[in-house]
Structures are given as C-alpha cells and as structure tokens.
Amino acid sequence: MMRKWNLRELLFKHDEYNIVGHVRADGDCVGSQLALHNVLKASNIKCNIIKNDNYGTVLSAFFRGYPVMDGENFNEKLPLICVDCSDFKRTGPKIFEKYSKPYLNLDHHISNDNFAQHNIVDANSSSTAQLIAESLIRENISFDKATAEALYLGIMTDTNRFAYSTAIDTIKVVETLMGKGISISEIHRSVYERNSLAKYRLLERFLHNISVFGDGNYCTSFITENDLRETQCEPLDTEGFVNYTRQIDGVKVGAFLEFHDSYLKCSLRSKNSTSRMDLFAKQFGGGGHPAAAGFTVDAAGENFYNNFKFALIEHVKNLPGEKS
Ligand code: AMP
Ligand code: MN
Ligand code: MN
C-alpha cells in the first residue's frame, strides 16, 4: 500500500522535541518512544522523554540510560511528539493541560481523532512501532540494533506475541529488525518472564472472580483497589489478565474491570474484530481497536458491574448481522 506521509521531513525539522506515550504505558508506546529518541539522537536532535505516569518494574527497565524527564518539569515550548495515543487526553493531565496542540501524532488506533498539527495514523498497522519501523525502512532512515529492539518490543506486545491477526507486512518488518541482530528470545524474556509472586496472588483473585454469562458468549472479571493493596501489587501488574476472559472456549467477548477508589478502568477484548470493542468503549468515553479497547471512568457506583454486563450483551446484540 502506498503511504502518503513523509516521516523524515517531519522528524528532522526541529532540533529538540518532547516525546510522550499514553498513561498506563505498554510495550508499544515505550518501544515507539525509545526508537524515535534513538533515530533523532543519531542526527544530533535532542529528544526528551516525558514521564507522564508510573512505568512499572518491567517497562522501567527499558528506559535505563535514556533522558526521561519528570512530567512536572519540562519545557512546554518544545514541539511535542505523541506516540500510540488515540486521543490527546491519553497522554495524561500532566501533558495535555500544558499543550494546546501537539506537533506530531503517530498512532494506529481506529478511534484516533487526528489531534495534532501533523498526524500519521494507520489503523491497519499492528502497532505504532510497526508504523514507525515501516516508515524508517521505506524512507531509508538508518537505525541501529537498540532501535530495532525497541521496535520489536512494541510489535511483540501489541500483537500479543503474534497471536492477533498478524499481517505479512508485520512479519516482513520483523525480518528487517532481526537483520539488525536483535535476540527475540531475550526481548521475550525481559517482558514475559519477569512476573512477581505478588502478581500471581492478584491473578488468583482475578480468576476467582471470573464469570461467564449470556449463553457462554461473554466472560468478565474484576479486581478492586483493595485487592491491589492486599497483594502489594501496582496497577500495571494486571497486564495480560484480560486475555483469560477471551480465551475461554465459546466466549466471544471478554472484559476486565479494575475498581479503584477514585476511578474504574475497563479492558475489552473480542475474538473477532466484528464485535467492535472500540465502539462499545466509546460509549464510556474510551476507545481502541475493533478487538481490543478500553475506557476509564470516575469511580463507579455499586450497580456498575451488573449494568455493564447488560450493556455489553446489548452492544453485541445490536451489531449488524447479529441476531437479537
Ligand atoms: P488495554 O485494555 O488497557 O490494554 O487497552 C486496550 C486498547 O484500548 C489499547 O489500544 C488502548 O489504547 C485502548 N484504550 C484503553 N483505555 C483507553 C481509554 N481510556 N481511552 C482510549 N483508549 C483506551
Ligand atoms: Mn498502547
Ligand atoms: Mn499500540
């Protein structure tokens, strides 16, 4: 497919940038930030990574040695690059309250609302990292092994280790990244084999709370802030939990809710992209992809969980082609 943008022209325009991903960071937004930082640095362009949230133990390790700046203390006059953010608010209040318009929006969410001065958005891309990698390769922008590792991190995590409908384009990019000498097993280990025992204790509670309903088509579970406190976990320890809901035989749609004291976070996953999880999330002010989406709302009332389950069934029933 012919792509219309020119990343080189946009990237090499200024001599210093701020870069940010979304709150509740994941491998894609971290890998994309690190990759762009490296590419810019190689051309003597300064790129400050703005810390908008807690990165957690696993992802923090990837930032070692990089110029990470405190989210309270950065020069807001510099052009801002946002990666992997479907809307500007996803950068978190520390960032979006200080900028009126970001310089560049690099993303792959179908729900992206083109919030920046320049927008490079491709919903067909597995990850923002893939979009960046393809642009670098196509435009002959040179990059090193560390950059290839960062890009692989993004692709590996957003495709859930190539479990989602992964296109040949993704594999071709990975082939080029492997040509830079990256070790796939090392990157895999550094993400998926660093679980804490505390996370397993939290997982016990999550699995205990699982319920299947609506003729076996739906599966949901939840944890509370109290569960996090008692197991001594941080919110990022729930990474991957939602997959258990979708992975049950017969289940079409899975959801995982985190009930925090001051907010509620929901992750949505479906086996098929026709279930349009992004549109369901939008009803609650969130967004995402057709088969993987999410939303965050202010602290929810007692009935939220039951009402939510009902709304989920209604959403799927009302999809075009679904029998009621
Ligand atoms: P998660 O369930 O947190 O892994 O998120 C799944 C997908 O939904 C990701 O692509 C997120 O970018 C998107 N998403 C999650 N929460 C939100 C939100 N509050 N607003 C917009 N998109 C979200
Ligand atoms: Mn992401
Ligand atoms: Mn992503």
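About the thresholds
- Residues numbered from 1 in each chain as written.
- Chains lettered and ligands numbered in written order.
- Predicted model: local features only at pLDDT ≥ 70, side-chain atom pairs only at ≥ 80, totals over all residues.
- Heavy atoms only, no water.
- Helix = DSSP H or I, 4+ residues; strand = E, 2+ residues; numbered from the N terminus.
- Domains from an automatic or database assignment.
- Contact = heavy atoms within 4.5 Å.
- Buried area = accessible area lost by both parts, 1.4 Å probe.
- Donors = N, O, S within 2.8 Å, 3.2 Å for Na, K, Ca; no water.
- Buried < 20%, exposed > 50% of the residue type's maximum accessible area, 1.4 Å probe, protein only.
- Near = heavy atom within 4 Å.
- Polar contact = N/O pair within 3.5 Å; in protein donor to acceptor, adjacent residues only side chain to side chain.
- Areas by Shrake-Rupley, 256 points an atom, 1.4 Å probe, with all protein chains shown as cover.
- Nonpolar A, V, L, I, M, F, W, Y, C, P; charged D, E, K, R; others polar.
- Core = buried A, V, L, I, M, F, W, Y, C linked by side-chain atoms within 4.5 Å.
- Pairing = 2+ DSSP bridges.
- Arc of directions from axis to C-beta.

Let's hear about unusual backbone geometry: which residues, and what values?
Note: most peptide bonds trans; most residues except glycine with negative phi. Of note, the phi angle at Arg-161 is positive, near 60°, even though the residue is not glycine. When you line up the elements, Arg-161 lands in the loop between helix 6 (145–158) and helix 7 (168–178). A positive phi is found at Arg-276, a non-glycine position, where the angle reads about 45°. Looking at the element boundaries, Arg-276 is found in the loop between strand 10 (263–270) and helix 12 (277–282).

Let's hear about the domain arrangement of the chain: which residues, and what values?
You can read the domains of the chain as domain 1 (7–192) and domain 2 (198–317). Its C-alpha centre places domain 1 at a distance of 26 Å from the equivalent point of domain 2. In this assembly, 12 residues from domain 1 lie in contact with 17 residues from domain 2. Interface of domain 1 and domain 2: buried area, both sides summed, is about 1,100 Å²; carbon and sulfur atoms make up 48% of it.

Any details on the coordination of the manganese ion (ligand 3)? Residues and values, ideally.
Bound to the manganese ion (ligand 3) on the protein side are Asp-28 (OD), Asp-84 (OD), His-108 (NE2) and Asp-158 (OD), at distances that span 2.1 to 2.3 Å. A separation of 3.6 Å is found between the manganese ion (ligand 3) and the manganese ion (ligand 2), which are bridged by Asp-84. Here the residue Asp-84 occupies a position in the loop between strand 4 (80–83) and helix 4 (93–96), and His-108 occupies one in the loop between strand 5 (104–107) and strand 6 (118–121), the gap between them amounting to 24 residues.

Describe the coordination of the manganese ion (ligand 2), and please don't skip the residues or the numbers.
Each donor-metal-donor angle would ideally measure 109.5 degrees in four-coordinate tetrahedral geometry, or 90 or 180 degrees in six-coordinate octahedral geometry. Every protein donor of the manganese ion (ligand 2) is listed here as His-22 (NE2), Asp-26 (OD) and Asp-84 (OD), and their distances to the metal cover 2.0 to 2.3 Å. When the donor residues of the manganese ion (ligand 2) are listed from N- to C-terminus, their spacing reads H-x3-D-x57-D. Taking the relative accessible area as the measure of exposure, His-22 reaches 4% and is therefore buried. Accessibility expressed as a relative area gives 2% for Asp-84, which makes it buried.

Mind laying out the site of ligand 1, listing which residues take part and the relevant values?
Around ligand 1, the surrounding shell holds 15 residues, and the nearest of these are His-109, Lys-265, Ser-267, Arg-269 and Ala-293. At 2.8 Å, a side-chain N or O of Arg-269 approaches an oxygen atom of ligand 1. In the complex, 85% of the free accessible area of ligand 1, which totals 480 Å², lies under the protein chains. Counting residues per element, the ones that place at least two in the shell around ligand 1 are strand 10, strand 11 (287–288) and strand 12 (292–298). Broken down by element, the residue count for the shell around ligand 1 peaks at 5 residues, all from strand 12. The residue makeup of the shell around ligand 1, split by class, is 3 nonpolar, 9 polar and 3 charged. When residues of the shell around ligand 1 are sorted by domain, at least three fall in each of domain 1 (7–192) and domain 2 (198–317).

Tell me what's going on with the nonpolar core, and back it up with residues and numbers.
If you look at the biggest cluster of nonpolar residues, it comprises 47 residues, and the most contacted ones within it are Ile-81, Leu-104, Leu-106, Leu-151 and Leu-177. Non-local contacts of Ile-81, meaning those with residues more than four positions away in its chain, are made with Leu-11, Tyr-17, Asn-18, Ile-19, Val-20, Leu-36, Leu-40, Leu-104 and Leu-106. Of all hydrophobic cores here, the second largest spans 21 residues; its members include Tyr-218, Phe-280, Phe-304 and Tyr-305.

Please provide a residue-by-residue account of the sheet that holds strand 11, values included.
The 6 strands lie next to each other as 7-8-9-10-12-11, forming an open sheet whose pairing is mixed. The two strands at the open ends of the sheet, each matched to only one other strand, are strand 7 (211–213) and strand 11. When strand 9 (residues 253–259) meets strand 10, the two strands line up antiparallel, connected through 7 bridges. From the neighbouring strand, Phe-259 faces strand 10, where its bridge partner is Leu-264.

Break down helix 7 for me, citing the residues and quoting the values.
Side chains of residues three or four places apart in an α-helix project in the same direction, reflecting 3.6 residues per turn. Inspection of helix 7 places Thr-170, Val-173, Val-174 and Leu-177 among the buried residues, and these make up the whole buried set. Buried residues in helix 7, looked at end-on, bunch into an arc of 100°, giving them a common side. Set apart from the buried face of helix 7 by more than 90 degrees, the exposed residues are Ile-168 and Glu-175.

Requested: an account of the environment of Asn-44, with residues and values cited.
Position of Asn-44 among the secondary structure elements: in the loop between helix 2 (27–42) and strand 2 (46–51). Judged by relative accessible area, which is 73%, Asn-44 ranks as exposed. Measuring from C-alpha to C-alpha, the distance between Asn-44 and Lys-317 comes to 54 Å, with 273 residues separating the pair along the chain.

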